[in-house]
There are 2 protein chains.
Amino acid sequence: MRLWDPAAGAAAEAHDYIAAMLPDLAQHGLLGDMSPESTLEAITIADSLEEAVADADYIQENAPEQLDVKQRLFSDLDRLAPQDAVLASSTSALLPSAITEGLTGRARCIVAHPVNPPHLIPLVELVPSPWTAPETVARAESLMAEIGQTPVRVEREIDGFLLNRLQTAVLDEAFRLVDGGYASVEAVDACMSDGLAPRWSFMGPFETIDLNAPGGVRDYVTRYQGMFMRLADTMRYSADWTGAVLDTVEAGRRARVPEKDLRARQMWRDRKLMAHAAFRHGQN
Amino acid sequence: MRLWDPAAGAAAEAHDYIAAMLPDLAQHGLLGDMSPESTLEAITIADSLEEAVADADYIQENAPEQLDVKQRLFSDLDRLAPQDAVLASSTSALLPSAITEGLTGRARCIVAHPVNPPHLIPLVELVPSPWTAPETVARAESLMAEIGQTPVRVEREIDGFLLNRLQTAVLDEAFRLVDGGYASVEAVDACMSDGLAPRWSFMGPFETIDLNAPGGVRDYVTRYQGMFMRLADTMRYSADWTGAVLDTVEAGRRARVPEKDLRARQMWRDRKLMAHAAFRHGQN
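Residue numbers restart at each chain and count upward from 1, following the sequence in its written direction. Labels follow written order: the first chain is A, the first ligand is 1, and so on. Only residues with pLDDT of at least 70 get local features here, since the model is predicted, and only at 80 or more are side-chain atom pairs given and counted; chain-wide, interface and lining totals rely on the full set of residues. The side-chain values count all of the structure's non-hydrogen atoms but skip hydrogen atoms and water molecules.

The name that an unreviewed UniProt entry assigns to chain A is L-gulonate 3-dehydrogenase, with the source organism given as Sagittula stellata. UniProt positions are given in the numbering used here, feature names are shortened, and annotations may be inferred rather than shown by experiment. As its UniProt record puts it under Subunit (unreviewed entry), chain A is described as follows: "Homodimer."

Structure (structure tokens):
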């Protein structure tokens, strides 16, 4: 695997970051058969984009989320990479059609959207443009599965893909509940972490309801759709997330974690995610 | 603790169910200082409602979700229980005001909504009616915390409380995505289980975004609200959950778990939940 970044020293920094992470991953059983040393040896730094992609099968682009930057980079990739290499973008905010429309090799281009941090969260959303070849999707999918990620296919491109649409639905209701004075920030978070997420962390929402009525999902929907539709009808608006509710949300969060401790809390999060990844790994 | 059920043999069945569960809970370190034997001895069966509540501090009602049934039962409880006992309903579908409006002791009544199965999912939503005394909320909260549950306060009663409102938001978008042909049932479930839920299972949605921008939640909302509002604007309708999409969802689920295997899959779910509860317990 080769890293390249146009900013001086950036690829070396990434290499150091990976090196620092590997012992922890190995200790949690998350490197498979590889040792930290052999893993690190397999990751080299290229001096130019040309060198980086020279004989690549698969290229993962991680440029800033600016359409013109990604368009230019994909144009370079399409020119420099072997003709049969898959060109994948990490974008979460741009549609693959917008990035690749004008390219000769646009059939081999796709979005492969990882979730941060990708070494601890397995999901990768595969989003084709209207002109992405089925073989491109299949090759990205099999590569992601091979390296232990969980690839999911988005059948047609849509703004936000799947993950950010589901996240938006939750956040929108979370802001409505706090804005309406129904619950504190902490109560909403606890409802998710100690109520909904334990089941969703290994089943997802459809399997959860499928197992929650004797006759499966049809039985469940038939029994409860009245309640769900009544609730959904009260969710057709958004609170203004930047309004007074943001003061409330910020105050709630800063009471728990002062701004100066945010960085330390992010490291706490990553340790929890690593423990969770190791737990999941042991469960499989 | 005393169990009572008007149906002949039902309380004894519940007692047997608990007895069968206790060795597993002990093995997973989920009984605290108690042994299965001492736990079971502390749970007795009462022959009448009167006997069950005679000197109770706290009563948890679990009758069917029918308003008239719960109203009658709460009227009996208010008459029979010691005057200072807290009367709590397990309802997920009825508002506490509707159940308790006419009662003399309505200030001591509250909803304490557990999540199934309550011995493996810690969340309990505490929902006051307009006339619930603050002391009633405080006493229910401290009892739930004492037995290792996670009580959260709903500040004012609202249809669906917090948990089912958040669940509705997710399910509504999940059905929209499948209905629109954007994703399979399995892809949506994987997005949650392998993407969103690992973080939400210990942080909840607000803490997740608070840690996802350098300056915390205000920084995050300022950066991304445009994207979130654009997505939310496309979620102002519900797909008809019972329409053609239900055939698709059911087919997707039955391809994974045939109807005859649903019961076994529910047991799989409960084993996974127990392992997850033990993992969380070890993390604290």
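The discussion continues.
Q: I'd like to hear about the pairing of strand 5 (residues 109-114) of chain B, residue by residue, with values.
A: Residues and elements named next belong to chain B. Residue burial is assigned from relative accessible area. The probe radius is 1.4 Å, only protein chains are included, and a residue is buried under 20% of its type maximum, exposed over 50%, and partly exposed in between. Runs of H or I in DSSP of at least four residues are treated as helices and runs of E of at least two as strands, each being numbered from the N terminus. Most of strand 5 sits inside the fold, with 5 of its 6 residues counted as buried. Pairing between strand 4 (residues 86-89) and strand 5: 3 bridges, direction parallel. Residue pairing for strand 5: Leu 87 is matched across the bridge by Cys 109. By the convention used here, strands pair only if DSSP detects at least 2 bridges between them.

Q: Give me the lowdown on the interface of chain A and chain B, citing residues and values where you can.
A: The interface is formed by 107 residues belonging to chain A together with 107 residues belonging to chain B. By convention, the term buried area covers the 1.4 Å-probe accessible surface removed from two parts as they join, with the contributions of both added. Interface area for chain A against chain B, summed over the two sides, is near 10,400 Å², with a carbon-plus-sulfur share of 66%. Interface area lost by chain A to chain B is led by A:Leu166, A:Tyr182 and A:Phe206, which between them contribute 8%. Basic side-chain nitrogens of Lys or Arg form a salt bridge, by our definition, when they fall within 4 Å of a carboxyl oxygen of Asp or Glu. Inspection of the region where chain A meets chain B yields 20 salt bridges. Any pair of nitrogen or oxygen atoms within 3.5 Å is treated as a polar contact; in protein, a donor-acceptor pairing is required on top of that, and neighbouring residues in sequence qualify only through side-chain atoms on both sides. Summed over the shared surface of chain A and chain B, the number is 44 residue pairs in polar contact (both at pLDDT 80 or more). When residues of the side of chain A that touches chain B are traced back to their parent elements, those giving at least two are strand 6 (123-127), strand 7 (150-153), helix 7 (163-179), helix 8 (185-200), helix 9 (204-210), helix 10 (217-232), helix 11 (244-256) and helix 12 (262-283) of chain A. Amino acids outside the nonpolar list (Ala, Val, Leu, Ile, Met, Phe, Trp, Tyr, Cys, Pro) and the charged list (Asp, Glu, Lys, Arg) are all regarded as polar, and Gly is one of them. Considering only residue class, the side of chain A that touches chain B consists of 58 nonpolar, 23 polar and 26 charged. Contact between two residues is taken to exist if any of their heavy atoms lie within 4.5 Å; hydrogens are not considered.

Q: Tell me about the sheet that holds strand 4 (residues 86-89) of chain A, residues and numbers included.
A: Residue and element names in this part refer to chain A. Here we have 5 strands laid out as an open sheet, ordered 3-4-5-6-7, and mixed in their pairing. In this open sheet, the two strands that pair with only one neighbour each are strand 3 (58-61) and strand 7. Looking at each pair of strands side by side, their axes are set apart by 30° on average, direction ignored. Summarising the sheet, strand 6 and strand 7 pair through 4 bridges and their orientation is parallel. Axes, fitted as lines to C-alpha atoms, cover a helix only where it is in contact. Angles between the N-to-C directions of the axes lie from 0 to 180 degrees.

Q: A description of helix 1 (residues 10-27) of chain A should follow, citing residues and the corresponding values.
A: All names here are of chain A. In this scheme, a helix's expected span is set at 1.5 Å multiplied by one less than its residue total. The end-to-end C-alpha distance of helix 1, which contains 18 residues, comes to 27 Å, matching closely the 26 Å that a straight helix rising 1.5 Å per residue would cover. Bending of helix 1 peaks at approximately 30° at the position of Met 21, with proline Pro 23 no more than four residues after it. When we look at burial in helix 1, the residues that qualify are Ala 11, His 15, Met 21, Leu 22 and Leu 25. Looking at the buried residues of helix 1, the elements they touch are strand 1 (2-3), helix 2 (36-41), strand 2 (44-45) and helix 12. Of the residues flanking the end of helix 1, it is Gly 29, one or two places downstream, whose phi is positive at about 70°. Fitting axes to the seven residues that end at a residue and to the seven that start at it, the angle between those axes gives the bend at that residue.

Q: Requested: an account of the relation of the copies chain A and chain B, with residues and values cited.
A: Note on the copies: chain A fits chain B at an RMSD of 0.0 Å, the axial shift is 0.0 Å, and the rotation between them is 180°. Such a combination of rotation and displacement between the chain copies is what one expects of a two-fold axis. What sets the superposition is a least-squares fit of C-alpha atoms, and only residues with pLDDT of at least 70 in both copies go into it.

Q: Let's hear about the packing of aromatic side chains: which residues, and what values?
A: Any pair of aromatic rings gets described here by the distance separating the centres and the angle formed by the planes. All names here are of chain A. Here the aromatic set is Phe, Tyr and Trp, taking the six-membered ring for Trp, and pairing holds for ring centres within 6.5 Å; pairs whose planes are under 30 degrees apart are stacked, those over 60 apart are edge-to-face, and all others are tilted. Applying the stated criterion to the full structure yields 13 aromatic pairs over all chains. Relative to Trp 241, the ring of Phe 175 has its centre 4.4 Å away and its plane inclined at 15°; by these criteria the two rings are stacked. Separated by 66 residues along the polypeptide, Phe 175 in helix 7 and Trp 241 in the loop between helix 10 and helix 11 bring together distant segments of the chain. For the pair Phe 175 and Trp 241, one class covers both residues: buried. Remark: a charge is flagged as sitting over a ring if the NZ atom of Lys or the CZ atom of Arg is within 6 Å of the ring centre and within 35 degrees of the ring normal. Between the NZ or CZ atom of Arg 265 and the centre of the ring of Trp 268, over which it lies, the distance is 3.5 Å.

Q: Tell me about the UniProt feature "site: Important for catalytic activity" (unreviewed entry) in chain A, and please be specific about residues and values.
A: All names here are of chain A. UniProt records the feature "site: Important for catalytic activity" (unreviewed entry) for His 113 in the present numbering. Mapping His 113 onto the fold places it in strand 5 (residues 109-114). Apart from the residues within four sequence positions on either side, His 113 is in contact with Ser 89, Ser 90, Thr 91, Ser 92, Leu 123, Val 124, Glu 125, Phe 161 and Asn 164.

Q: Talk me through unusual backbone geometry; I want residue IDs and the actual numbers.
A: Cis geometry marks the peptide bond from A:Asn116 to A:Pro117, where omega comes out at -15°. On the secondary structure map, A:Pro117 appears in the loop between strand 5 and strand 6. In the Ramachandran plot, B:Phe161 falls in the positive-phi region, its phi being about 55° despite a non-glycine side chain. You can see B:Phe161 is positioned in the loop between strand 7 (150-153) and helix 7 (163-179).

Q: Just give me the short version of the UniProt feature "domain: 3-hydroxyacyl-CoA dehydrogenase NAD binding" (unreviewed entry) in chain A, but keep the residues and values in it.
A: As recorded in UniProt, the sites labelled "domain: 3-hydroxyacyl-CoA dehydrogenase NAD binding" (unreviewed entry) are residues 3-156 of chain A. The distance from the first to the last C-alpha atom of residues 3-156 of chain A is 30 Å, and the span holds 40% helix and 17% strand.

Q: Outline the packing of helix 7 of chain A against helix 8 (residues 185-200) of chain B, supporting the account with residue identities and numerical values.
A: Two elements in contact, helix 7 of chain A and helix 8 of chain B, have axes separated by 10 Å at closest approach and are oriented at 55°. In this view, helix 7 of chain A runs oblique relative to helix 8 of chain B, as classed from their interaxial angle. Note on packing geometry: the crossing formed by helix 7 of chain A with helix 8 of chain B is right-handed. Taken together, the residues of helix 8 of chain B that come into contact with helix 7 of chain A (itself represented by A:Leu163, A:Leu166, A:Gln167 and A:Val170) are B:Val188, B:Cys191, B:Gly195, B:Leu196 and B:Trp200. Should an angle lie under 35 degrees it is considered roughly parallel, over 145 roughly antiparallel, and from 65 to 115 roughly perpendicular; all remaining angles are considered oblique. Definitions for this section: a left-handed crossing has its near helix turned counterclockwise from the far helix by less than a right angle. A right-handed crossing has that turn clockwise.

Q: I'd like a description of the domain arrangement of chain A, backed by residues and values.
A: Residue and element names in this part refer to chain A. Where each domain begins and ends follows an automated or database-derived domain assignment. Per the domain assignment, the segments making up chain A are domain 1 (1-47), domain 2 (57-160) and domain 3 (163-283). Inter-centroid distance (C-alpha atoms) of domain 1 to domain 3 is 33 Å. Residue-level contacts link 5 residues of domain 1 with 5 residues of domain 3. Summing both partners gives a buried area of about 440 Å² for domain 1 against domain 3, and 78% of it is carried by carbon and sulfur. Contact with domain 3 buries area across many residues of domain 1, yet His 28, Gly 29 and Leu 30 alone supply 75% of it, more than any other trio. Scanning the region where domain 1 abuts domain 3 turns up 0 salt bridges. Here domain 1 is connected to domain 3 by 1 residue pair in polar contact (both at pLDDT 80 or more). When grouped by side-chain class, the residues that make up the side of domain 1 that touches domain 3 number 2 nonpolar, 2 polar and 1 charged.

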